Amino acid sequence: MTTEIWQLSEDQLLADAAAVSHQIQLLEARRIALVAEIDTRVTREKLGFPGPAGWLTSTTLLSPGKANKILALARGLKNFPDIADAVNTGVMSIDHAALILAFAETPPDDLPPEGRDMARAALITAATGPEARTGPLRAAITRLHDLYGGTTPPAEDTDRNELFASTTLNGRLALKGDFDAITGEKLLTALSPLTAPRPTVDGTPDERNPARRRADAFGHILDRYLAAHNRPTEGGEKPHVNLHINLRDLTDLTGSGNSTDDIADDETTRTATEPDRARDSDSRNGSGSGSGTGGDGAATPPTDRGTYRDVFGDGTTVGWLPWMGPLSRTTSRQLACDCILTAIVMDETGNPINLARTMRTVTSRQKRALIARDHGCAFPGCGTPAAWTEGHHIRHWADGGPTNLNNLVLLCGFHHRLIHHSDWEVFIADDNHPWFIPPASVDPNRQPRPSHARAGPHIA
């Protein structure tokens, strides 16, 4: 009978974990050997795919990338039995085998055949056992390329560089990259000062995991690039963000039914919009013909097809980005705060009506003044350095808020999003400094709090 894990002693836990790891290593080696045999013997008709990698992906939980790696090892190890033996006996990891195999398949041009065998044997010895480390192994391979020249080491071969960017079904952007050592060093160096955990001044730890911190840092780097004055042009202008907005959605975005009268004179568009909004409002309040509550107070599904017009019809979202597609109302408002934005207003049929005013981000002079006042992120307890903050419009630009010091506050990316997506409020008080009002869930009394630079002993 198998002993439950919780019943094992400490020594048994350690021994079992090590034994299972060794078994996994042997099973991975057997899978590679099986795939090698499948690649040789099983026809495409039998597989139902052009090769074993597609079949593996379709019948197991393996990703295409992992399946292709297994197939490459299966094909390569057939030509180098010494590497295969180390893998099959479980004394070398699959990753180290792949590294040595890549060297064996493309050795330096000036390394003689007997030298290749000797070098491969030395690399296998260095990669054998739990003490094996990738760093020394790569260093040895790089030195062999240096000594015998002819080819560029894989780590330094810029011809292999790739960066894939694809939008996902849920509207996100997935990145996958493969860079040479120098490009990788540049990227990691740029990310490093921005990826350290940032606990708050009261000691609350940074809850972001490393992947989230790297993603936030990458976003900061993009912000700095787009704010630079020497970036290249595209189509005759420097790259900036275009936000396509439906006329009705722009009216909703600004919070005023008359705020777009100076943008278009299409009376049909405006009058058709108001009944739709009224009907939708009735539906949301339970008083429309298409929705309501039953006798027990439970909500009943709407039956009027018009109720869904905003979702399936002509007003899918507030904004639309040329590269990424739909954008929500709240993020559209945030975007208008911190980007060079051209709002392209569309009528109900999707034709441009006119260009709304182009909003520019805080000027360099204004940013210097804001830094002198706020020092960094003004949100209480934050204090992120000013270089990594954005100018937030307190009265939103879409609502007619000006881009001046009395309507701006420095916020880091996290707190900029928080202000837009929560009930936190910010205002400029009589002392000409920003103050923050927490939501009732944080402070039932909603007592205003001074900006970070003026809290505690910093108050002048």
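Treat the numbers as computed from the prediction; the structure is a model and nothing was measured.

We now examine the overall build of the protein. The secondary structure content of the protein amounts to 16 helices and 14 strands. Pairs at least 24 apart in sequence give 52% of the contacts found in the protein among residues at least 6 apart. Here the protein has roughly 27,500 Å² of accessible surface; of this, 56% comes from carbon and sulfur atoms.

This brings us to the environment of Thr195. Mapped onto the elements of the fold, Thr195 is located in helix α9 (residues 181-195). Discounting residues that sit within four places of it in the chain, Thr195 has contacts with Arg213, Arg214 and Ala217. A polar contact is formed between the side chain of Thr195 and the backbone oxygen of Ser192, at a distance of 3.1 Å.

Time to look at the confidence of the model for the protein. Overall, the predicted model of the protein reaches an average pLDDT of 76, with 70% of residues at or above 70. When the criterion is pLDDT under 50, residues 305-316 qualifies, and its contacts beyond four places in sequence or with other chains add up to 25 contacts.

Helix α8 (residues 134-148) packs onto helix α6 (residues 94-105) with a crossing angle of 0° between their chain directions and a minimal axis gap of 11 Å. Compared by their axis directions, α6 and α8 come out roughly parallel. From α6, His96, Leu99, Ile100 and Phe103 reach across to α8, where they touch Thr134, Leu137, Arg138, Ile141, Leu144 and His145. A class-by-class count of the residues in the contact of α6 with α8 yields six nonpolar, three polar and one charged.

A few words on the sheet that holds strand β13 (residues 434-437). Strand pairing in a sheet relies on backbone hydrogen bonds. The paired strands run either parallel or antiparallel. In spatial order, the strands read β12-β13-β14; together these three strands make up an open sheet with antiparallel pairing. Of all the strands in the sheet, just β12 (425-428) and β14 (449-450) have a single pairing partner and so form its edges. Relative to β13, β12 is paired through four bridges, and the arrangement is antiparallel. Opposite Val426, over in β13, you have Phe436 as the bridge partner.

Right, let's talk about the side chain of Arg120 for a bit. Mapped onto the secondary structure, Arg120 falls in helix α7 (residues 113-126). On the basis of relative accessibility, which here comes to 13%, the residue Arg120 falls in the buried class. A polar contact of 2.8 Å, which involves the side chain of Arg120, links it to the side chain of Asp82. Excluding residues that lie within four positions of it along the chain, Arg120 makes contacts with Phe80, Asp82, Ile83, Ile100 and Ala104.

What counts and what doesn't
- Residues numbered from 1 in each chain as written.
- Predicted model: local features only at pLDDT ≥ 70, side-chain atom pairs only at ≥ 80, totals over all residues.
- Heavy atoms only, no water.
- Helix = DSSP H or I, 4+ residues; strand = E, 2+ residues; numbered from the N terminus.
- Contact = heavy atoms within 4.5 Å.
- Areas by Shrake-Rupley, 256 points an atom, 1.4 Å probe, with all protein chains shown as cover.
- Polar contact = N/O pair within 3.5 Å; in protein donor to acceptor, adjacent residues only side chain to side chain.
- pLDDT = per-residue confidence, 0-100.
- Axes fitted to C-alpha atoms, helices over the stretch in contact; angles between N-to-C directions.
- Parallel < 35°, antiparallel > 145°, perpendicular 65-115°, else oblique.
- Nonpolar A, V, L, I, M, F, W, Y, C, P; charged D, E, K, R; others polar.
- Pairing = 2+ DSSP bridges.
- Buried < 20%, exposed > 50% of the residue type's maximum accessible area, 1.4 Å probe, protein only.

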